[in-house]
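Descriptive analysis of the structure
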Amino acid sequence: MIRNFEMYVDGAWRSSASGEVIESINPYTREVWATVPAGTAADVDAAVSAAVRASADPEWSRNPKVRAKLLTRLADALADEADTIAEIESRDNGKVINEELAMNRAVPGWYRYAAAVAETAAGQVPYGNDPAVLSLTEREPYGVVGIQTPWNTPGVLLAQMASMALAAGNTIVVKPSELAPCSLLEFARVVHEVGFPAGVVNVVTGLGPIVGQALCEHPGVDKLTLTGGPEAGRIVAAQAARRLVPAVMELGGKSANLVFPDADVEQAAAAVAAGFTSAGGQSCVAGTRVLVHRSIHDEVVKRVVERLAGLRLGDPSQPDTDMGPLCTSDQVQRVQSFVDRGLADGATLRKGGRTQAEEGTFFFPPVVFTDVTPEMSVFSEEIFGPVLSVVPFDTEEEAIRLNNATPYGLAAGVWTRDLNRAHRVSRALKAGTVWVNHYRRGDAAFPFGGYGHSGYGRVNGIDGYREMSRTKSVQILLSGAED
Ligand code: NAD
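Note that this is a predicted model, so its numbers are computed, not measured.

1. Details of empty space enclosed by the protein
- Tallying each qualifying case throughout the model produces five cavities of 30 Å³ or more.
- Of the volumes computed, that of the largest cavity is approximately 80 Å³.
- Lining the largest cavity we find 13 residues, and of these Ile85, Asn104, Val107, Gly155 and Phe187 sit closest to its centre.
- Contributing elements (two or more residues each) for the lining of the largest cavity: α3 (64–93), α4 (97–120), α5 (154–167) and α6 (182–194).
- Each residue belonging to the lining of the largest cavity can be placed in one class, and the counts come to nine nonpolar, three polar and one charged.

This is the structure we're talking about:
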């Protein structure tokens, strides 16, 4: 039976002002499994107006204790609901249930951490030149934050923005991706049950160029965030610039694992294989390039290919499935076009690609290319699918140069047992996050964000709190002390 979701505005459930809906396709069955309202500019206006009203209430915006209490309650409730939300998300975007369970069971950690930050955040008393001036700073919320999320990991990616936005006393209007919007409406149900004041959290579903654009243009929105691709990033950043509101851009990546000759080759190969096949490669931090010292190149390729042979592609709802389908048929075509370009450019296909067995489905068995050069699009462009490009290097400098030779800079993995090299290389890499001897782990405490085309601004940790709040500086002239 098709499930019909409503959207969440001003503490109540509603359909779109137009009455129209968007169908959500289960990528495994390729059938409609749910509908969500096709929001309009009028729906965005209702949500932003509610968020503006809610942000004017000092009981929310000026009372961190109240916020900490609600965020803790939300974390507890999300822990209880994690498996339900994970199932919805898996049906919506095709990711395997084990990954979805792991991700959604981690989500409460973001709200718990944010509650602790709200509870303990403090201003400063800086000393200036004149002792007669008492100076103090406070952290203030922006007001209303408009948050847009992609389809690949909605719960975690919303948590990265929303937890600190709420901790800092903002109210939020969320626009989920039209391709997998349902889990964020389930999140809204939990928010509602926990008892957040009406208007603090709103979720408006719909298309990017309609709902997303209306959100970006609305004069009631004080800050914009986008987690998505560079194309939408440019559009949203331009709209933010036109309105002179600040923006956070969490965009795509072309991240690499750098494997040095002193690395634990088995561990590195396991992480490389998992790094580009988890989520079917549809992850911003997918490790889709491996830069490997020439002396261990063949060994690493062999071990990665061996690991891929054991991967089970299939029904994402089953716990023993390793890889589900890609999210949409457009996504399948996009990945195929990159594979075709890689072959035409002269890369060597070592493993994978679609066969007749995948015909008519959204499955894409992982692809490994060797003999890749920096000029090829498979080396430099984000494919957002399970395609790995392997490139050998001879020196540390060459490894660093190759890593930095794309417009992106989201994450990197460094594999070495040499502590000096680990620090030296980490410093030299164009990447917002560097993992040493592991790959693709996130945490509410660790700041995350990109360089270059991977975006700007930071989520998570205290950096995330500072991103969602601003400084008020107050100076008081103490008169009468010298009398
Ligand atoms: P997308 O850029 O197509 O969409 C992201 C969001 O922007 C969606 O909600 C979409 O509706 C909205 N949008 C699209 N066009 C818009 C417009 N003209 N105006 C306003 N809003 C618009 O991205 P996607 O395909 O959903 O997700 C994949 C991309 O997201 C990849 O590039 C991936 O690397 C990136 N991503 C980045 C991170 C990160 O933290 N850096 C995390 C996950 C995904």
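2. As for the site of the ligand
- The local shell around the ligand holds 28 residues, among which Lys175, Glu178, Gly229, Leu251 and Glu382 are the closest.
- The separation between an oxygen atom of the ligand and a polar side-chain atom of Glu178 is 2.6 Å.
- Gly228 places a polar main-chain atom, nitrogen or oxygen, 3.3 Å from an oxygen atom of the ligand.
- Notes on the ligand: free accessible area 850 Å², of which the protein chains cover 88%.

3. Some details on the packing of α5 against α6
- Contact pair α5 / α6: the axes reach a minimum separation of 9 Å and the direction vectors enclose 55°. Judged by the inter-axis angle, α5 sits oblique to α6. Between α5 and α6, the contacting residues are Pro154, Gly155 and Leu158 on the first element and Ser183, Leu184 and Phe187 on the second.

4. Considerations on the sheet that holds strand β1 (residues 3–4)
- The strand order across the open sheet built from three strands is β1-β5-β4, with neighbouring strands paired in mixed fashion. The open sheet has two edge strands, β1 and β4 (21–26), and neither has a second partner.
- Along the sheet, α3 contacts β1, β4 and β5 (31–37); its crossing angle with β4, the most-contacted strand, is approximately 90°.
- Sheet contacts for α6: β1, β4 and β5; angle to β5, the most-contacted strand, approximately 50°.

5. Concerning the packing of helix α9 (residues 265–277) against helix α10 (residues 297–309)
- Viewed as axis vectors pointing N to C, α9 and α10 meet at an angle of 55°, and their least axial separation amounts to 9 Å. Overall, the two elements α9 and α10 adopt an arrangement that is oblique. The way α9 lies across α10 gives a crossing that is right-handed. Counted together, Val265, Glu266, Ala269, Ala270, Val272, Ala273, Phe276 and Thr277 of α9 and Glu299, Val300, Arg303, Val304, Arg307 and Leu308 of α10 form the full contact between these two elements.
- Class assignment for the residues of the contact of α9 with α10 results in nine nonpolar, one polar and four charged.

Definitions and limits used
- Residues numbered from 1 in each chain as written.
- Predicted model: local features only at pLDDT ≥ 70, side-chain atom pairs only at ≥ 80, totals over all residues.
- Heavy atoms only, no water.
- 1 Å grid on protein atoms, 1.4 Å probe; cavity = no way out; pocket = protein on both sides within 12 Å on 5 of 7 lines; lining within 4 Å.
- Points joined across faces, edges and corners; volume = space filled by probe spheres on them.
- Helix = DSSP H or I, 4+ residues; strand = E, 2+ residues; numbered from the N terminus.
- Nonpolar A, V, L, I, M, F, W, Y, C, P; charged D, E, K, R; others polar.
- Near = heavy atom within 4 Å.
- Polar contact = N/O pair within 3.5 Å; in protein donor to acceptor, adjacent residues only side chain to side chain.
- Areas by Shrake-Rupley, 256 points an atom, 1.4 Å probe, with all protein chains shown as cover.
- Axes fitted to C-alpha atoms, helices over the stretch in contact; angles between N-to-C directions.
- Parallel < 35°, antiparallel > 145°, perpendicular 65-115°, else oblique.
- Contact = heavy atoms within 4.5 Å.
- Pairing = 2+ DSSP bridges.
- Left-handed = near helix turned anticlockwise from the far one by under 90°.

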